[in-house]
Amino acid sequence: MIKETIEKLEKGETSARELVTHYQDQIKKKDSELNAYRETFDDAFEVAEEIDKKIKHGDTPRALEGIPFAIKDNILIKGKMSGASSKILEGYTASYDATAIKKLREEGAIFLGRTNCDEFAMGSSTENSAYGPTKNPADVTRVPGGSSGGSAAAVAADMALAALGSDTGGSIRQPAAFCGAVGLKPTYGAVSRSGLIAMASSLDQIGPITKSVEDAEIIFNVIRGRDELDSTSLPRQGGASGGLASKIIGVPREYFSLVEGGKEGLDEDVAKKFSEAIDFLKNKGFEIKEVSLPSVRYALAAYYIVMPAEVSANLSRFDGVRYGPREDGKNLFDVYARTRERGFGPEVQRRIILGTYVLSAGYYDAYYARAQKVRYLIRKDFENEFKNVDLLLTPVSPHPAFKIGEKISNPLSMYLEDIYTVPINLAGVPAISVPFGTVSKEGKELPVGVQLIAPWFEESRLFEVGKLLENK
Ligand code: GLN
């Protein structure tokens with residue numbers, strides 16, 4: 001935990017060097033099996049030494065002094081390779097720091113390495129990485145979730161104290177839930193996207209994956225804020241903690257009918273855990289109210305139009321000319337085509353094709369324009385219900401971590417994994433995934449998370465109630 005670690009540093013009970021050694025030892029011991037890291041950074045020790053000097057000198061520790069981080073492979077760190085776990089970016093070295101990285105660095109963070117993810121953050125299992133799947137530390141036959149599976153596994157297996165991930169439709173929250181970590185998807189615009197390799201720009205947000213809600217809060221407070229390099233970023237705003245006026249939490253009815261009876265239905269044990277979370281909060285004096293978000297039943301359909309449309313535009317820059325390896329061809333077009341065919345994996349290609357289709361003349365109105373209207377309705381649904389409740393509570397995912405290989409050949413069943421998380425990205429509201437115990441499957445204890453959703457810029461409410469839930 002961040003606070004305790006910094007206290008120890010200050011008292012001289014540990015050193016940044018010792019911390020880096022500890023995590024590197026853990027990585028050496030565990031990561032050949034888990035494959036959470038794509039690369040570890042040798043210069044972590046140099047940074048640690050500088051920090052130790054400062055502390056010896058009596059400098060007051062900064063907010064993240066000496067805290068060792070794992071960084072998702074789609075967030076740029078100056079001078080380090082960054083590849084979004086795609087072959088098309090193999091060998092690409094970042095020429096600048098993402099704004100979130102710059103802010104972490106300024107507060108004393110140490111970067112241990114970059115973590116495996118689904119290629120260009122597209123997926124829910126980390127199996128779409130071009131560099132092999134990451135395994136779930138709780139059961140290595142299962143996926144860690146995705147797309148920030150490497151970051152979540154690194155934190156859960158004690159191979160980093162904290163991590164950054166990115167979340168376009170659930171990629172921070174779902175892997176956090178599968179691995180037993182905390183994952184925060186901030187309000188759209190709260191954290192700069194500068195230096196995040198774009199997937200779908202109107203949905204992407206960078207956020208922390210941590211061992212505790214308090215750690216997520218500390219990191220969020222460091223990385224948030226307006227940034228000139230991202231025109232969609234907004235100044236710090238939102239209520240202070242203690243902002244829960246009425247203590248009313250809504251549970252959206254549609255979240256259950258979405259999966260009821262269907263093949264992809266909510267797992268019984270996960271449902272039981274969710275009821276326990278409701279009872280727990282009732283005992284803490286919260287009123288739990290059933291609410292309705294009628295348009296969320298169309299969220300997944302709208303997401304799988306809006307997202308690929310933006311993906312097809314964002315990924316057009318990877319043509320072998322500006323970044324990464326280049327294939328030879330008869331002419332320029334042939335170079336582009338061969339490079340993209342070789343460089344992109346099947347899921348990325350599927351989404352590019354889908355995206356160009358929904359944006360093409362003749363189909364634009366039927367698909368893209370309609371999906372945008374649905375998105376507006378979803379946003380309105382959240383706005384309406386947040387007039388009556390402080391927060392919403394839902395499961396993070398319909399199941400605990402599934403088996404490696406179980407869903408990879410069926411994209412639709414993989415997409416259904418996102419049913420509880422994508423409405424939040426479409427609306428732009430913040431949400432946190434908090435571990436809430438485990439369920440037993442085939443003799444293994446698998447972590448389960450619950451999701452709290454707040455109105456725009458009310459992250460402080462997520463932290464307040466999240467802290468109660470994690471300490472149940
Ligand atoms: N699993 C979702 C998808 O495949 C979300 C990905 C993300 O949030 N980056 O699109």
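Thresholds applied
Residues numbered from 1 in each chain as written. Predicted model: local features only at pLDDT ≥ 70, side-chain atom pairs only at ≥ 80, totals over all residues. Heavy atoms only, no water. Near = heavy atom within 4 Å. Polar contact = N/O pair within 3.5 Å; in protein donor to acceptor, adjacent residues only side chain to side chain. Areas by Shrake-Rupley, 256 points an atom, 1.4 Å probe, with all protein chains shown as cover. 1 Å grid on protein atoms, 1.4 Å probe; cavity = no way out; pocket = protein on both sides within 12 Å on 5 of 7 lines; lining within 4 Å. Sits in = over half its atoms within 2 Å of the grid points. Nonpolar A, V, L, I, M, F, W, Y, C, P; charged D, E, K, R; others polar. Patch = residues over 30% accessible without salt bridge, like charges linked within 9 Å, V, L, I, M, F, W, Y side chains within 5 Å. Salt bridge = Lys/Arg side-chain N within 4 Å of Asp/Glu carboxyl O. Helix = DSSP H or I, 4+ residues; strand = E, 2+ residues; numbered from the N terminus. Buried < 20%, exposed > 50% of the residue type's maximum accessible area, 1.4 Å probe, protein only. Lys, Arg positive; Asp, Glu negative; His and termini not counted. Axes fitted to C-alpha atoms, helices over the stretch in contact; angles between N-to-C directions. Parallel < 35°, antiparallel > 145°, perpendicular 65-115°, else oblique. Contact = heavy atoms within 4.5 Å.

Another point: the site of the ligand. Near the ligand there are 15 residues, and of these Ala 121, Thr 168, Gly 169, Ser 171 and Tyr 303 occur at the shortest range. Gly 123 is positioned such that a nitrogen or oxygen atom in its backbone is 2.9 Å from a nitrogen atom of the ligand. Measuring from an oxygen atom of the ligand, one finds a side-chain N or O atom of Tyr 303 at 2.7 Å. Contact with the protein chains removes 99% of the 300 Å² of surface that the ligand exposes when unbound. Among the detected pockets, the ligand sits in the largest cavity. Partitioning the shell around the ligand into residue classes produces five nonpolar, seven polar and three charged.

Bringing a nonpolar patch on the surface into the picture now. Where nonpolar side chains cluster on the molecular surface, the patch consists of Tyr 357, Tyr 363 and Tyr 367 and spans about 280 Å² of accessible area. You can see Tyr 363 is positioned in the loop between α12 (346-359) and α13 (365-385).

The next subject is the side chain of Asp 390. Turning to its location among the elements, Asp 390 is positioned in the loop between α13 and β9 (391-395). Buried charge Asp 390 goes without a salt bridge, the closest partner of opposite sign being Arg 461 at 4.0 Å. Within polar-contact distance, the side chain of Asp 390 engages the backbone nitrogen of Lys 247 at 2.7 Å.

What follows concerns the packing of helix α10 (residues 299-314) against α12. Relative to each other, α10 and α12 sit at 100 degrees, their axes nearing to 7 Å. With respect to each other, α10 and α12 are oriented roughly perpendicular. Taking contact as the criterion, the partners of Tyr 304, Ile 305, Met 307, Pro 308, Ala 309, Val 311 and Ser 312 in α10 are, on α12, Arg 351, Ile 352, Leu 354, Gly 355, Thr 356, Val 358 and Leu 359. Here the residues of the contact of α10 with α12 sort into 10 nonpolar, three polar and one charged.

What follows concerns unusual backbone geometry. The omega torsion across Gly 146 and Ser 147 is 10 degrees, close enough to zero to call that bond cis. Notably, Ala 121 is not glycine yet its phi reads approximately 65 degrees, a positive angle. Along the chain, the position of Ala 121 falls in the loop between β3 (110-115) and α5 (149-156). Here the phi dihedral of Phe 457 falls at roughly 65 degrees; this positive angle occurs in a residue that is not glycine.

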